[in-house]
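Chains, contacts and geometry: an overview
Chain by chain, the residues:
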Amino acid sequence: MEQSIIKGAGRPISLRNIQVEDDFWKAQMELVRKEVLPYQWEILNDRVEGAAPSFCMRNFRIAGKITQKKKALGNAYEEPTPTFRGFEVLPEDMNHLEDKFYGFVFQDSDFSKWIEAVAYSLMNHPDEELEKTADEAIDIVCAAQQENGYLDTYYIISGMNSIFTNLRDHHELYCFGHLTEGAVAYYQATGKDKLLKAAMRFADFIDSRFGSEEGKCKGYPGHEIAEMALVRLYEVTGEERYLRLCRFFLDERGKRPYYWDSERTEKHTQGERYQYNQAHRPVREQDEAVGHAVRAMYLYAGMADAARLTGDASLLEACRRLWKSTVHEKMYVTGGVGATCQGEAFSFPFDLPNDLAYAETCASIGLIFWARRMLELETASEYGDVMELALYNTVLAGMALDGKSFFYVNPLEVLPEACHKDERKFHVKPVRQKWFGCACCPPNLARLLSSIPSYAYTEDEESLYMHLYIGGRLTKEIHGKKVRLQIESGFPWSGKVRISFEGEEAFMRLALRIPGWCENWKVNGTEGKRTEVKQGYLYIEGNWKNTDVLELCFPMTPVFLQADERVRENIGKVALKRGPIVYCMEETDNGDCLHLNQVFPEEPVEEGSVQIQGQTFPALIAKGRKRKREEARELYRAYREAEYEKAELTFIPYYTWANRGENEMSVWIETAK
Ligand code: FUB
Ligand code: ZN
């Protein structure tokens, strides 16, 4: 196998080597450990009243019973035939459930994401009770595994004769991918390999069925993630066959004749075939982000992984082109991607509607996965900028401040009445939900938030790359020496960062991301110069010794942003951002009819604060005016100049919206002429 030839920002630091201590992120990670993970475990077991049923662990338990029965009966076991080729199986009567599979065909993945989140949390914070629950869950899952290694409850329960017959829609390879990611993480966290072995057996079974060798299936996943997962499995086991299988899946995608045509008789007749699954063209020829946004993000992340490991320049080039299309033409100001609800997909360039937005939480999570992998390929701050943007805005907005309800869709403008009455907006919820029938986002959030330091810091032998400034104690080994860094950070509210060095003296190169939103920064009180910055990173190297201190200052000044003129929705409007945080207006602070407000973007913005669920958050107060409503409320009338009254407009961090009940919200606001 060729070795990597591309120089990037190293690999993520181990979660064991950083203890997060800053107020912001420690609180998030503790919330995940203490509230989100136990809550989600209850959900996976259908024990939360009023929440959509998950059926996840129930399916595993039933599959386990079937597996035991099969072992007992051997060839005498008669496989049923799956009766549907659709997506969701719902019980007719919730009080009388049968020993059947219920839920979406990818319900298994909710467990897999949850166990992955548990693993990261344990790495950072040992928790006996949580680990015990996780071990019990793993026992239930592994008991369902077939003798041949297959492990997907939908087919185990509904009939194994149909496995791998609907790769385009039926998510077996997706479930495998998530299972593998969870298994690798749990092994790395605890050293326990039961789930890892199960994932390897499943991988080996898939490997025995798929591949370029004659007689093997030439299919590939309808929903990507197996690519990334196989890379992780390869990296933890050193088994080349997993990397080979990943490459096989990437290489087959989009080849003609289309593999999926052989799975079905009906053919797609409209549009570019298989765009939805990014299989319309071979991956190396793709240049526009299209189709289902989460799938796209996972595919591109997998391509970046493969490019890193194989030095495949054409994959890297494709990743760069797709990055440009995603970030420069199809991304919301909040880091959301996938503008249309039709197919949870990317729309055409610059089509970024605010109120109809989809911007699935998982898609922004996927964007972060991809951005970090791009950084591993090349140290360029745009990737860090996007990672930061998506994280502090769309991703954090995906979860309520108490960790107990979630957004799947992340609009930039909401009128609750429209969510209730306008079918085109039924996907937009004005408040977060306890759970979802299709619950991909909440456990995905948990796994990202509990592993966030591995996105903030990456390293190679002599270098430490700081992408997101998350405070804590970090240990880095350099040629057998242990350098310790204490990082104090005011992010995301203040750009002050203090890095003090402790431990052994050693030569180390620090690569500091200069955020794209920051014009003038200081290092130890001295103004930084753009000429010292390479692709957005400032490199400082030397022999760091005890008592050395670096003080960084990235001033966070409120800025009104405007969109490219091609974004028709936002003409004449601005959005307010301060540092990494995008702000929005809510009705609770500004009264109803937010659309009647206008802002004076050239007037100074003041800092304020707002109480939300007992917590104090920074608010921004801008000068504006509100259009007066005409007395005569006619639908149409002859034009006359509108009248306005002065208004102080209060903006709150976008991610905190909808934590005070249903109300209007808007990120973009008209400017006063
Ligand atoms: O298909 C699995 C997951 O469910 C996708 O990633 C989400 O977009 C949702 O459709
Ligand atoms: Zn999702």
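Residues numbered from 1 in each chain as written. Chains lettered and ligands numbered in written order. Predicted model: local features only at pLDDT ≥ 70, side-chain atom pairs only at ≥ 80, totals over all residues. Heavy atoms only, no water.

Further remarks concern the sheet that holds strand β9 (residues 481-489). Pairing in this open sheet of seven strands is antiparallel, and the strands run β2-β8-β9-β10-β16-β12-β13 from one edge to the other. Each edge of the sheet is formed by a strand with only one pairing partner; in this case those strands are β2 (18-20) and β13 (526-527). Where strand β12 (residues 522-523) lies against β13, two bridges are found, and the strand directions are antiparallel. Paired with valine 523 across the strands is threonine 526, a residue of β13. (Pairing = 2+ DSSP bridges. Helix = DSSP H or I, 4+ residues; strand = E, 2+ residues; numbered from the N terminus.)

Here the focus is helix α8 (residues 226-237). Helix length check: α8, at twelve residues, gives a terminal C-alpha distance of 16 Å against a target of 16 Å (1.5 Å per residue), a fit within 8%. Counting buried positions over the twelve residues of α8 gives nine, a clear majority of the element. Residues Ala226, Glu227, Met228, Ala229, Leu230, Val231, Arg232, Leu233 and Tyr234 constitute the buried set of α8. Those residues of α8 that are buried are in contact with α3 (108-124), α6 (172-190), α7 (194-209), α9 (240-252), α10 (293-310) and α12 (361-377). Immediately downstream of α8, the backbone of glycine 238 shows phi near 75°, a positive value. (Expected span 1.5 Å × (residues − 1). Buried < 20%, exposed > 50% of the residue type's maximum accessible area, 1.4 Å probe, protein only. Contact = heavy atoms within 4.5 Å.)

Glycine aside, the phi torsion of most residues is negative, and most peptide linkages are trans. Cis geometry is found at the peptide bond from arginine 256 to proline 257, where omega equals -5°. For proline 257, the position within the fold is in the loop between α9 and α10. Backbone torsion omega between phenylalanine 491 and proline 492 reads 0°, so that peptide bond is classified as cis. Looking at the secondary structure, you find proline 492 in the loop between β9 and β10 (496-503). Non-glycine residue alanine 359 carries a positive phi angle of around 45°. Inspection of the secondary structure assignment puts alanine 359 in the loop between α11 (313-329) and α12. Backbone geometry places histidine 479, a non-glycine residue, at a positive phi of 45°. By the secondary structure assignment, histidine 479 is in the loop between β8 (472-478) and β9.

This paragraph deals with the site of ligand 1. Surrounding ligand 1, one finds Phe106, His171, Tyr174, His223, His292, Val294, Glu344, Glu360, Tyr408, Cys438 and Cys440. Separating an oxygen atom of ligand 1 from a side-chain N or O atom of histidine 171 is a distance of 2.7 Å. With respect to ligand 1, the side chain of glutamate 360 contributes an N or O atom lying 2.7 Å from an oxygen atom. Within the complex, the protein chains bury 95% of what would otherwise be the 270 Å² of accessible surface of ligand 1. (Near = heavy atom within 4 Å. Polar contact = N/O pair within 3.5 Å; in protein donor to acceptor, adjacent residues only side chain to side chain. Areas by Shrake-Rupley, 256 points an atom, 1.4 Å probe, with all protein chains shown as cover.)

Let us look at the sheet that holds strand β14 (residues 533-534). Across a sheet, strands are paired by hydrogen bonds formed along the backbone, either parallel or antiparallel in direction. Pairing is mixed in the open sheet, where six strands are placed in the order β1-β6-β7-β11-β15-β14. Single-partner strands in this sheet number two, and they are β1 (11-12) and β14. Note that β1 and strand β6 (residues 457-459) share two bridges and pair antiparallel. For arginine 11, the partnering residue across the bridge sits in β6 and is glutamate 459.

Attention now moves to α10. Spanning 18 residues, α10 covers 26 Å between terminal C-alpha atoms, matching the ideal 26 Å at 1.5 Å per step. Of all 18 residues in α10, 18 are buried, a share of seventy percent or more. Positive backbone phi, approximately 65°, marks glycine 311, located one or two places after α10.

This part takes up the nonpolar core. Grouped together as the largest cluster of nonpolar side chains are 243 residues, with contacts concentrated most on Phe111, Trp370 and Leu485. Top contributing element to this core by residue count: α10, with 13 residues. What tryptophan 370 contacts, discounting residues up to four positions off in sequence, is Met297, Tyr300, Ala301, Ala304, Cys319, Leu322, Trp323 and Thr326. (Core = buried A, V, L, I, M, F, W, Y, C linked by side-chain atoms within 4.5 Å.)

Here we take up the coordination of the zinc ion (ligand 2). Coordination of the zinc ion (ligand 2) by the protein comes from Glu360 (OE), Cys362 (SG), Cys440 (SG) and Cys441 (SG), over a distance range of 2.0 to 2.3 Å. One way to put it: the four donor atoms around the zinc ion (ligand 2) meet at angles of 92 to 117°, and that makes the site tetrahedral. Spacing between the donor residues of the zinc ion (ligand 2) along their common chain follows E-x1-C-x77-C-C. Residue cysteine 362 is located in helix α12, and its partner cysteine 441 is located in helix α15 (residues 441-449); the two are separated by 79 residues in the primary sequence. On the basis of relative accessible area, cysteine 362 is assigned to the buried category, the value being 2%. (Donors = N, O, S within 2.8 Å, 3.2 Å for Na, K, Ca; no water. Tetrahedral: all angles 85-135°; square planar, octahedral: opposite > 155°, others 65-115°.)

The next thing to look at is the environment of lysine 255. Tracing the sequence through the fold places lysine 255 in the loop between α9 and α10. Residue class for lysine 255 comes out partly exposed when judged on its relative accessible area of 40%.

Between α3 and α15, whose axes approach to 8 Å, the crossing angle comes to 20°. Here α15 runs roughly parallel to α3, going by the angle between their axes. Judged by the sense of rotation from one axis to the other, the crossing of α3 with α15 is left-handed. Residues Asp110, Lys113, Trp114, Glu116, Ala117 and Tyr120 of α3 form the contact with α15, whose participating residues are Pro443, Asn444, Ala446 and Arg447. In terms of residue class, the contact of α3 with α15 is built from five nonpolar, one polar and four charged. (Axes fitted to C-alpha atoms, helices over the stretch in contact; angles between N-to-C directions. Parallel < 35°, antiparallel > 145°, perpendicular 65-115°, else oblique. Left-handed = near helix turned anticlockwise from the far one by under 90°. Nonpolar A, V, L, I, M, F, W, Y, C, P; charged D, E, K, R; others polar.)

Turning our attention to the confidence of the model for the chain. Low pLDDT means the predicted atomic positions in that stretch should not be read closely. Per-residue confidence for the chain averages 95 on the pLDDT scale, and 98% of its residues sit at or above 70. Within the model, pLDDT remains below 50 along residues 1-6, and this stretch shows 19 contacts once partners closer than five positions in the same chain are excluded. (pLDDT = per-residue confidence, 0-100.)

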